[in-house]
Each structure stands twice: as C-alpha cells, then as structure tokens.
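# Architecture and fold: a report
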Amino acid sequence: MARFFPLFGTLGFRLSFCVGLILLVCISFWGYYTLDVQKMKAYRNMTSEVDRLSNTIRLGTHYAMMLNSRNDLNRIINNVVTQEGIEEVRIFNKQGRIKFSGDSTELDQARDLNSETCKVCHAGERPKTALTLEERVRVFETPDGKGFMGVISPIYNEPGCSQACHVHPPEKKVLGILDVVVSMDQVRGEIRAQERGIAALLLLLFLGSAGSIALFLTRYVNRPIRKLIQWTQCIGAGVYDYARDIERDDEIGQLAYAVNAMGTRIRENQEELKRQRDEFQVLFEQTPCFITVQDRNLKLVKFNKEFADQFSPNVGDFCYQAYKGRSEPCEVCPVVQTFEDGEPHYSEEMGLKKDGSESSWLVRVSPIKNSKGEVTAALEICLDVTRMRALEEEVRKSEENYRTIFNTIPNPVFVLDAETLRILDANQSVTPVYGYEKDELTGTCFTDLFDEKDRKRAAARLKLTSTLDKMRQVRKDGKAIYVNIRVSSSEYLGRSALLATTSDVTLRLMAEQQLIQAGKMATVGEMATGVAHELNQPLSVIKTASSFLRRKMSKREPVKPEILATMMEEIDAHVDRAARIIDHMRQFGRKSDVQRERVDVNDPLRKAAELFQQQLKLREIEVVFDLDDKLPPILADANRLEQVFINLLINARDAIEEKWEQGPREGEEKKIFLKTHFKDVMVNVEVRDTGRGIADSIVDRIFEPFFTTKRVGKGTGLGLSISYGIVKDYNGEIRVESEEGVGSTFIVRFPIAVGA
C-alpha cells in the first residue's frame, strides 16, 4: 500500500497511526468505564429514589391500614399513581392477591408465585421474611421496548395490627407486600445523553490528541528527518557543502550533529584518500623499479614510467615479449604460480633492456583480489640488481684478495667475538707460532691460550685496552711464549668483533732478559765493595769470639756461663746477618721472568736501600725515608722493581759523588730522599738526590740504551734504559725532573691492581 500511498510509508504516519490507535483504545476503555460507572450510579440513585418512594407510600398508608380504611388507601394509591413516572402501585396479600392498586381492573386478581414479583420471596421452600434492597429491586421491559423498575417492600405485622379490629395473629411476620413500579424512560434518556456527550468528548480528545501528535511529528520529526535524508543523499553524492540549520539539543539534533560530523569525516577521508591515491600514483610512476599489472593471460594491464622508459611496452603486450625478448612464457613463471595458488612468489630473472644490455632483476609477484577473494590480476615488481650483482662479483674477488692477504700476514691474526672472546677466524700464521691448526682454534676462547691464572685478567685487558705487551701464552706443546698483542674493533659477519694481532717476542725478551741480567751483574759488581764491608763486620765479630775462646781453652781457664751465652748470641746474630746479605745478593742476581703479582712498592724500595746502606754510609750519604704504609698494591715482580730502584740509587749516589768531587759544598748535604704516596689512582715513587743534576740538553736522552754521562769505565749506559723497559712492562711510567747544580728527582708511577 505504501507504494500507492506514499504517505502511508512515512515514519510520521506510522508513528501517528500507532500512537493514535493506542490513544483510541485507551480513551475507549476510559469512556466505557465512565459510562458503566454513570449507569451504575444512575441505577443506584433510581433504586434509592424508588425505595424512598415505597417507604413514603408505606408510611403514608400506615395509618389507613391500622384503621383498615380501604377508601383512604385507595385514594392515596390513586393519587400516587397520577404522579409522573409512577406506573403502578399495588398491595398484595400473602396469597398473592392484589388488594389495592392504582388500576381498579386488577383488584382481587391473583398472581402466580413464580412471577417476577412473587418469586423474590417464594423462590425457596419457605417464603423469606427479610430481603435486601438489591433483592427487592427488579428491572424489566415491556414488549414495546419500555423499561421499568419495580421495588417490593414487605409489610410486617405490628403489635397494633394484632390488636386492631381486623386482628392479625401475632405469629404472622409479613402481612403483604407493597409493589411500586416506575418508568425508566427519564433515566434511560439521561444515560443516552451522557453516552452521546462522552462519545463526543472521546472523539474530540482523540482528534485533538492525534492532531497534536501529527503536528508535532510533522514539525519536529518528519521535516528534520527529510532534511537528514537530503543531507545523507548529498553526502552519498559527494556534495559536502549543504545547509546545517538543525540546532536542537534533543535526539534529532544529536543525529543531525552526527550526520554533520560524519559528512565532515567522510570529506576529510575522501580528501585523504585522494591525496593517498595521487601520492600512490606518483610513487607508482616514480618508483625506481619496474612495476607491472598483468592478467591471467600474462598481458600487461598497467605499468609505471620506469618500465615504459626501459622497454617501450604497450598495454596488451605479453610480459615475456615486452621485457624478456621471449616468444613464449617462462618455464617457471611466478605470475602463473600466483594465479594458481593466490600467494606471493619470488624469483630472479634476466632479460634485455631497450639498448640491448643484459639486466638482472629480483622479482616479487603479489595477487590482486576482488571482494570475493578471487585473484583478478597480479602485481609484479622487478628490482634491477644488475649493478649489485656486478658489485657482488667485485666483492667476492676483493674478499678472495683480502683472504689471501689475511692468510699471508706473517703474524698470527685472530678474529674474536667482542663479548665472549671466542675465536671466530684465524689466519694460517697461527700454526707455526702456536702449534695449533686453524680449525683446532676456531670456536675456542682466545683466553685459553694464556696460563689459567692469567686468563681472567687477560680477558679484562683485551676488552679495555688496545695494546698488551709481553703477555705470556702457552703453545700446543706446552712451551711458554711471550707475545705483544694489538687489539682493534672490527665487524665480522654482521656482528661486533675484535681483531687481535700477536707478535712473538720470546727471543727478543730473552735477549732483553740477558741484558737485564748483565745489568744486574754490573750492579752486583758496583755493590761488591759495600757487600764486602757488610760481610767483614760479622766475620770480625765471629773471629774475635773464636780467638777469645781459643785463648781461654789454651790456658785452661773457665769461661763464665753468662759471657759464653752472650758470645754465642752475638755469633748467631752475625751469622744470620751474613746469611741474609748473601741470600739478598743471590735473589737479586737470579734471572726473573716477566710475571705479575700483587706487590707493595715499599718492600722492594726498602730492600734496594738496604743493599746500599753500608756503601752509602761509607760515602757519608744519608738516606731519608718518607714512605706511605697504606699504599694499595700494584701488579709487578718485586725482584725486577728492586733492580729499577737500585739503578736509581746508583745514579743518585754517582750524581752526589760527582758534585762533591769538585770540592766541599758549604750549607749543602749529601742526601737521597725516598718517598712513596698515592695520587690520582696511581702509586708514586720518588727518588730525589742533591747531586749535580742533568743538563737540559741531554735530559730527553737519558733513557736511551748505552747513553751515559759518566766517565769511561764508570757506567754502561744500560741502567736507566733497563729501568724504563721494566716500568713499561708493568704499564707504569717514569720521568725525571732535574735542575742542574741542585739535583734530580726520578718519579715512577704504577697503576693499582684491579680490585685493590
């Protein structure tokens, strides 16, 4: 029906119809209920009026009944009947005979006990003596459609009745009934008038409510909805500049705001899509690779500018003809595979460019699917890797060259993992130096080539420093070698690596050791006079004691026990002193390896001073100690440090003697100051003398091998050079501060041991 009557299909009409129907049903129920209530109220009022009328008639005739005045009774009844609306007034006796009536023609007529009038009391086995008002009322209609209401009222026997002239026995309760019948025309007319009024009111309410709802829906629903429909149609047509005149806070206003927001968002999205489409088109055209779209027949549907410039194709050409110069499809075609399984495929292919040169491409084919998931076309992207392949070939050749150079380097070279120090690669020079084949070392840890006790410290230094000198390592056959290690950061197979190059310095170190040992022997020779004097004293004590005992024994004289005990203690003490001197000389003179242990620099400094103590006393040179007893330890060899300090003491002694050879010095003293202290995370040792000093012109050469300022035969020129090498072995530094004619100060600094 909505197709023929468009109004019927509108939301306003449907809503108006539903609301109107609901309103009509509600008003109808309300009218029906109201009419029913009015009818009941009218009937109750009429019943009460008729009952009052019956009581009035009964009371009006009471006196005539007591006197048995029939004429008065008839007159009263006839007068009542003449009143408008009163149809009949009758008085029945107990036998059902009419004794008094407004209609004289029915006097003494008997009524059937089952009639409407009589059966109210005589319906049971025994007549009722008391009735409610509802039981006494009857409503009936005549055949001509007139309605009447009758009310019967019982006439009870009273004490006066039993004593009157017409005596009624006292046992009789009811003497008769009064039946009053009135017309219901007036009541019915009033009810019909009320029905018409209520119907008119209901119709008016329905029409007014329905009209108001229709007007409201038209004004506040239909019109805004039509506008919203127009707006959405404009949005669907791509027109976003339309009027926005719905300014309301209700749901329609919120819907209008949502439609406006939707239109704005769609416009923005359309603009963004257009921008992206244009951007995609630009990217498609300007991408520096070949892009084609092909159908199932391998024909070109679309292609970008790069492809067009390189091959001059036409839409509809077969792909294998356009840029591969083939007359038939490739044996293995990724486009065909994509159409078969709907998945991306890759390949590498070769073809001829427009200029006839060969090219290599990496090909990736992706499916283009419709809304049903069917593959309708294939997108093929070809990246020209011709240059890359040429570079790869150059890199391969270069790698072969570098591998050749790597393997022919005379020094062992290790490629280590930067974190674990695991050997990733090594050159062929590792075999003659370490005795291991390259494959035996690959995968092992580089620190395994060190002594077990040195591995932890070596691992820490390899990660922190680029130079490790004179490190002790172990060959496959168990022999120890000393190497210098140079470490640099690198990259190996995409990960961080360390490049460790080792130089075998075992032979050079042996030569250095021999040179150091020769220096020691020269130092021992320097100390010979002092050591001889040191040994002379205990020998003199022992000689004196033995002579005394021989003399006593030859004379057979007793020796007091206390004297004997004293002499034995002196002999024992001086023997120990001589033994210590000899042991010290022996320890100093022995060969020592390049090793590191935790050492307090005060100990070798004291021992060096002790060796020269007597010799310096003979030369009247005073040694002043200023040692810090709380120094942290360093990593070194105590014996080699002692040699450094002895060389510095010898130089200080000689400088003082050379200064005093020129004559006495007033106000100056022969002194050597030995000081140790901790500063800037370094242990510092200072050896200062009051000698002749060093000239500025030669101060930079004093650590050179065989350089000396002493007279011929006085020095070898190796002491400071050897000392410099030993200090450097332990990552220390040595320098001199000197003022000619005043004295020199040698400063030696060592880093503290890790964890000290």
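So, how was this worked out
Residues numbered from 1 in each chain as written. Predicted model: local features only at pLDDT ≥ 70, side-chain atom pairs only at ≥ 80, totals over all residues. Heavy atoms only, no water. Helix = DSSP H or I, 4+ residues; strand = E, 2+ residues; numbered from the N terminus. Buried < 20%, exposed > 50% of the residue type's maximum accessible area, 1.4 Å probe, protein only. Contact = heavy atoms within 4.5 Å. Pairing = 2+ DSSP bridges. Axes fitted to C-alpha atoms, helices over the stretch in contact; angles between N-to-C directions. Parallel < 35°, antiparallel > 145°, perpendicular 65-115°, else oblique. Left-handed = near helix turned anticlockwise from the far one by under 90°. Nonpolar A, V, L, I, M, F, W, Y, C, P; charged D, E, K, R; others polar. Salt bridge = Lys/Arg side-chain N within 4 Å of Asp/Glu carboxyl O. Patch = residues over 30% accessible without salt bridge, like charges linked within 9 Å, V, L, I, M, F, W, Y side chains within 5 Å. Areas by Shrake-Rupley, 256 points an atom, 1.4 Å probe, with all protein chains shown as cover. Phe/Tyr/Trp six-rings, centres within 6.5 Å; stacked < 30°, edge-to-face > 60°. Lys NZ or Arg CZ within 6 Å of the ring centre and 35° of its normal. Core = buried A, V, L, I, M, F, W, Y, C linked by side-chain atoms within 4.5 Å. Disulfide = S-S within 2.5 Å. pLDDT = per-residue confidence, 0-100.

What follows concerns the overall build of the chain. The secondary structure content of the chain amounts to 21 helices and 22 strands. Looking at the chain as a whole, 37% of its 756 residues are labelled buried. Long-range pairs, those at least 24 residues apart, make up 55% of the contacts in the chain between residues at least 6 apart in sequence.

Right, let's talk about the sheet that holds strand E21 (residues 733-739) for a bit. Spatially, the five strands line up as an open sheet ordered E17-E19-E20-E22-E21, and their pairing is mixed. Each edge of the open sheet is held by one strand with a lone partner, namely strand E17 (622-626) and E21. In this sheet, neighbouring strand axes are inclined to one another by 15 degrees on average, regardless of whether the strands run parallel or antiparallel. The pairing of strand E20 (residues 682-689) with strand E22 (residues 743-751) spans seven bridges and is classified as antiparallel. Looking across to E22, one finds that Glu686 is bridged to Ile747.

With that settled, consider the packing of helix H18 (residues 602-611) against helix H20 (residues 638-660). The contact between H18 and H20 brings their axes to 8 Å, and the two run at 50 degrees. When the axes of H18 and H20 are compared, the pair comes out oblique. Considering how the two elements wind past one another, H18 and H20 form a crossing that is right-handed. Residues Pro604, Leu605, Lys607, Ala608, Ala609 and Leu611 of H18 lie in contact with H20, whose contacting residues are Ala638, Leu641, Glu642, Phe645, Ile646 and Leu649. Class assignment for the residues of the contact of H18 with H20 results in ten nonpolar, no polar and two charged.

Let us now look at the sheet that holds strand E11 (residues 413-417). Pairing is antiparallel in the open sheet, where five strands are placed in the order E12-E11-E15-E14-E13. Two strands bound the open sheet, and with one partner strand each, they are strand E12 (423-426) and strand E13 (467-474). Between one strand axis and the next, the sheet turns through 35 degrees on average, direction left out of account. Packing of helix H12 (residues 386-408) onto the sheet brings it into contact with E11 and E12, and relative to E12 it is tilted by some 90 degrees.

Turning our eyes to something else, we now look at the side chain of Thr690. Looking at the secondary structure, you find Thr690 in the loop between E20 and helix H21 (719-729). Residues contacting Thr690, with those up to four places away along its chain left out, are Ile656, Lys659, Trp660, Glu669, Lys670, Lys671, Phe673, Val742 and Gly743.

Next up on the list: the pattern of salt bridges. All told, the structure shown has 23 salt bridges when counted by the stated rule. The residue Arg52 makes a salt bridge to Glu49 at a minimum N-O spacing of 1.9 Å. Placement of the pair is Arg52 and Glu49 together in helix H1 (residues 11-60), with a separation of three residues, close to one helical turn. Taking relative accessible area as the criterion, Glu49 reaches 46% and is therefore assigned partly exposed. Salt-bridge contacts for Glu733 lead to Arg749; the nearest nitrogen and oxygen are separated by 3.0 Å. One end of the pair, Glu733, is in strand E21; the other, Arg749, is in strand E22, with 16 residues separating them in the sequence. Owing to a relative accessible area of 35%, Glu733 belongs among the partly exposed residues under this scheme. Judged by its relative accessible area of 16%, Arg749 falls in the buried class. Through salt bridges that share partners, Glu272, Arg275 and Glu279 make up one connected network.

Two elements, E11 and E12, share three bridges in a ladder whose sense is antiparallel. Counterpart to Phe414 in the pairing with E12 is Ala426.

Another aspect to go through is a nonpolar patch on the surface. The grouping of Phe17, Leu21, Leu24, Val25 and Phe29 at the surface amounts to a nonpolar patch, some 480 Å² of accessible area in total. We classify Leu24 as partly exposed; its relative accessible area is 37%.

Positionally, Ser744 belongs in strand E22. Here Ser744 falls in the buried class, since its relative accessible area comes to 4%. Those residues within four positions of Ser744 in sequence are excluded, and the remaining contacts are Val687, Arg688, Asp689, Gly693, Ile694, Val736, Glu737 and Ser738.

This paragraph deals with the packing of aromatic side chains. Within a pair of aromatic rings, the relevant descriptors are the distance that separates the centres and the angle that separates the planes. One pass over the structure, following the stated rule, counts six aromatic pairs. When the ring of Phe290 is compared with that of Phe307, the centres are 6.2 Å apart and the planes differ by 70 degrees; the resulting orientation is edge-to-face. In this pair, Phe290 sits in strand E6 (residues 290-294) while Phe307 sits in helix H9 (residues 305-311), placing the two residues 17 residues apart along the sequence. With respect to burial, Phe290 and Phe307 carry one shared label: buried. Taking the centre distance of 5.6 Å and the plane angle of 80 degrees together, the rings of Phe414 and Tyr434 count as edge-to-face. Of this pair, Phe414 sits in strand E11 while Tyr434 sits in helix H13 (residues 430-434), placing them 20 residues apart in sequence. Grouping residues by exposure puts Phe414 and Tyr434 together as buried. The ring of Phe673 is capped by Arg688, whose NZ or CZ atom sits 4.0 Å from the centre of that ring.

In this structure, Leu298 takes a positive phi of about 65 degrees despite not being glycine. The topology assignment puts Leu298 in the loop between E6 and strand E7 (300-303). The phi dihedral of Asn731 is positive, around 60 degrees, even though this residue is not glycine. Relative to the helices and strands, Asn731 is located in the loop between H21 and E21.

Ranked by size, the top nonpolar core spans 41 residues in total, and within it Val601, Leu641, Phe645, Leu648, Ile672, Phe746 and Phe750 carry the most contacts. Elements supplying a minimum of two residues to this core: H18, strand E18 (634-636), H20, strand E19 (671-679), E20, H21, E21 and E22. Formed by 23 residues, the second largest nonpolar core is a distinct cluster that contains Ala64, Met65, Val80 and Val180.

Per the stated rule, a full pass over the model turns up zero disulfides. Looking at Cys333, it has no disulfide partner, and the nearest cysteine sulfur is the one in Cys319, 5.6 Å off.

Tracing the backbone shows Asn370 in the loop between strand E9 (358-369) and strand E10 (375-384). Accessibility expressed as a relative area gives 29% for Asn370, which makes it partly exposed.

Attention now moves to the packing of helix H7 (residues 185-236) against helix H8 (residues 251-286). Taken N-terminus to C-terminus, the directions of H7 and H8 make an angle of 5 degrees; their axes are 11 Å apart at the nearest point. Considering the angle they form, H7 stands roughly parallel to H8. Between H7 and H8, the residues in contact are Tyr220, Pro224, Leu228, Trp231, Thr232 and Ile235 and Ile252, Leu255, Ala256, Val259, Asn260, Met262, Gly263 and Ile266, respectively.

Below, the discussion takes up the confidence of the model for the chain. A low pLDDT means the predicted coordinates there should not be read in detail. The share of residues in the chain with pLDDT of 70 or more is 82%, and the mean pLDDT across the chain is 78. Across the chain, the element-wise mean pLDDT spans from 55 in helix H6 (residues 159-163) up to 93 in E20.

Bridge count between E6 and E10: five bridges; the pairing is antiparallel. If you follow Gln294 over to E10, its bridge partner there is Ala378. Of the pairings in the sheet, the one linking E9 to E10 comprises nine bridges and is antiparallel in character. Bridge pairing in E10 links Leu362 to Leu383. Hairpin connection between E9 and E10: a loop of five residues separates the two successive antiparallel strands, and Gly373 in this loop has a positive phi of roughly 85 degrees.

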